[in-house]
Amino acid sequence: MRKAFRRGLTPTLAGAVLPLSLGLTDAVAAAEIGGFDVNGYVRQYLSWNLDDVPETEANDEGDLSMARTTLLLQARGDVGPGRVTAIGRASREVMTDYLDRLEDRTAETGTRADFQDELNETDLREFYVDLNPSDRVFLRLGKQQVVWGETDFFQAMDVVHGYDQSWRSFLEPENEEWRKPLTLANANIRIPELTGELQLLFRPGWDRGSDVGNTYDLFGGRWAGKGNRGFNTQGTLFPIEYHHDEGDTDDPHYGLRWSGAFGEYDGISYSLNYYHTQAQDPVLYPSDRADAPMGRAFIYPEIDIFGGTLSGYIPAIDSVYRAELAYIPDQPYNNFNLGVTEHDTYRLMLGLDTSLRLQDTLGTSNASTLSLQAFNTYLEGHSQDRSDPDAVRNAFGSTKDEHTTWLTGILTLPYRHDTITGQLVVVHDASNGGGVIVPSLEWQVGRHWRIKHELDLFYGGRHQGSNGGNSLFGSFDGADQFYTRITYQF
């Protein structure tokens, strides 16, 4: 039940992700070209505003907010003793009238942004070789994705890579589509005597600076957040600095993961992890760059992460439970003077995946699936007093809570022999209020076509006034969308 359900994750040895997880299904056979199996997709993304955005003078309700076209190609084939995989992706955005208005506003409020330069891409996303020097050792060398942990929306132990949230925030369901691949040496050593496997990771620092950490809409686009749409933060006030004493993307990242199991059948799977990396979210640090008029720039500070995962099967309720815990000592944050304060940080996730027999109730054609998740971040020694230098300022300008708890639920409903899939996603901020409700329908039309319609409906959230900032969902006030995704697989 679990393998068929998890969103966007194809489990393999020690969390490596198979290339065929990139939004493709087995219904379309790969073409053989020069000894390589080649397949891919062409995809059209469209979204419309359901609200009038307050930052522009025009009425934006009903306007097209995104027209994005993507071509993805992947090829796999044997070369000598190894198996080579290459995945390339190109995306182009149309400057809709709404984006034109936001881009023009960036020139009025500061430095003009170039939205197409920020959103368009032509990238060799993955390029690696798989080797099996022995029956116990598996090597993957090159640009790749590695998954540690299996949380939805929020990351506890999935810390090897950052995510690109600039073009659709956190709403794209397949994590591998917006996870940012890195050049890694990835060794998996099977140790059957201990019923486990050791994974060793090393990133030499050959990637572009922009490949590290999370990428947000800091240029004033459609996902910049309330009050920042139409304002180019990174171009006007705070540039991104990839080579800083506190965090240099040229420095190596490294870590290890031990994965094991207890019990031969329906047992408990666990992992223990350590990773030296850079924080996924940028922090403002003092900078002497000429293009940093405020004397500060966004950097991704170096951190160490210790953690583990646990999962198992509960036969009595036909469910899988999941747990993840990550500990980051002295993680840097910004305070309200835009200085840096450090706090030991703990991230805990508890989840349950189960099957529901709803065929008689809702007329589904197969068992439905339900995933529930609670995610908590705890900042040790955090103060709620904004005048306290240890008080943490969140990315939207308000005080970060000592405990921040998110609740998520995902209900998936298959119809017509799984050719129509309904889904309801709910994310709720239990600490600050607010959340998002995402109902969707996806049609499988023949072997090649997939059509998805979705509503992104934000509600509530904390607002602290013009100088007090917002919570996450407070910042998405006025960002409701109707979204369509049309995919042709080949």
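Just above sits the structure.
The rules behind each value
Residues numbered from 1 in each chain as written. Predicted model: local features only at pLDDT ≥ 70, side-chain atom pairs only at ≥ 80, totals over all residues. Heavy atoms only, no water. 1 Å grid on protein atoms, 1.4 Å probe; cavity = no way out; pocket = protein on both sides within 12 Å on 5 of 7 lines; lining within 4 Å. Points joined across faces, edges and corners; volume = space filled by probe spheres on them. Nonpolar A, V, L, I, M, F, W, Y, C, P; charged D, E, K, R; others polar. Helix = DSSP H or I, 4+ residues; strand = E, 2+ residues; numbered from the N terminus. Expected span 1.5 Å × (residues − 1). Buried < 20%, exposed > 50% of the residue type's maximum accessible area, 1.4 Å probe, protein only. Arc of directions from axis to C-beta. Contact = heavy atoms within 4.5 Å. Polar contact = N/O pair within 3.5 Å; in protein donor to acceptor, adjacent residues only side chain to side chain. Patch = residues over 30% accessible without salt bridge, like charges linked within 9 Å, V, L, I, M, F, W, Y side chains within 5 Å. Areas by Shrake-Rupley, 256 points an atom, 1.4 Å probe, with all protein chains shown as cover. Salt bridge = Lys/Arg side-chain N within 4 Å of Asp/Glu carboxyl O. Lys, Arg positive; Asp, Glu negative; His and termini not counted. Charge placed at Lys NZ, Arg CZ, Asp CG, Glu CD.

A. Structural detail: empty space enclosed by the protein. Counted according to the given criterion, the structure contains 3 cavities of 30 Å³ or more. Space inside the second largest cavity adds up to approximately 50 Å³. Taken together, Val159, Val160, His161, Gly162, Leu182, Val212, Gly213, His253, Thr277, Gln278 and Gln280 form the lining of the second largest cavity. Of the residues that constitute the lining of the second largest cavity, the class distribution is 4 nonpolar, 7 polar and no charged.

B. Structural context of helix α2 (residues 97–109). Helix length check: α2 (13 residues) gives 19 Å between terminal C-alpha atoms against 18 Å at 1.5 Å per residue, within 8%. Among the residues of α2, Tyr98, Leu99, Leu102, Glu103 and Thr106 are the ones counted as buried. Each buried residue of α2 lies within a common arc of 135 degrees when the element is viewed along its axis, so the set occupies one face. Facing away from the buried side of α2 by more than 90 degrees, the exposed set consists of Asp97 and Glu108. Looking at the buried positions of α2, the neighbouring elements they touch are β2 (36–49), β3 (64–79), β4 (82–93) and α3 (115–119).

C. Structural detail: the environment of Pro286. Considering the arrangement of structural elements, one finds Pro286 in strand β13 (residues 283–286). Sequence separation between Pro286 and Gly149 is 137 residues, and the spatial gap between their C-alpha atoms is 33 Å.

D. Spotlight on the side chain of Thr309. As for its placement among the helices and strands, Thr309 is situated in strand β15 (residues 302–314). On the basis of relative accessibility, which here comes to 16%, the residue Thr309 falls in the buried class. Only 2.5 Å separates the side chain of Thr309 from the side chain of Ser271, close enough to count as a polar contact. The contacts of Thr309, once residues within four sequence positions are left out, are Met157, Arg257, Ser269, Tyr270, Ser271, Asn273, Ala323 and Glu324.

E. Inspection of a negative patch on the surface at higher detail. Negative charge collects at one region of the surface, where Asp245, Glu246, Glu302, Asp330 and Glu342 lie side by side. Within the secondary structure, Glu246 sits in the loop between β9 (243–244) and β10 (247–248). Glu246 sits in the partly exposed class, given a relative accessible area of 40%.

F. Structural detail: the environment of Val53. Counting through the fold element by element, Val53 comes out in the loop between β2 and β3. We classify Val53 as buried; its relative accessible area is 2%. The spatial distance from the C-alpha of Val53 to the C-alpha of Gly227 is 9.9 Å, given a sequence separation of 174 residues.

G. Spatial organisation of a nonpolar patch on the surface. Where nonpolar side chains cluster on the molecular surface, the patch consists of Leu441, Trp443, Val445 and Trp449 and spans about 340 Å² of accessible area. Per element, the largest residue contribution to the nonpolar patch is 3 residues, and it comes from strand β21 (residues 435–445). For Trp449, the location among the structural elements is in strand β22 (residues 449–459).

H. Molecular detail of the environment of Val79. By secondary structure assignment, the location of Val79 is in strand β3. Along the backbone, Val79 and Ile299 are 220 residues apart, and their C-alpha atoms lie at a distance of 40 Å. The residues touching Val79, leaving out its near neighbours within four places in the chain, are Phe36 and Val84.

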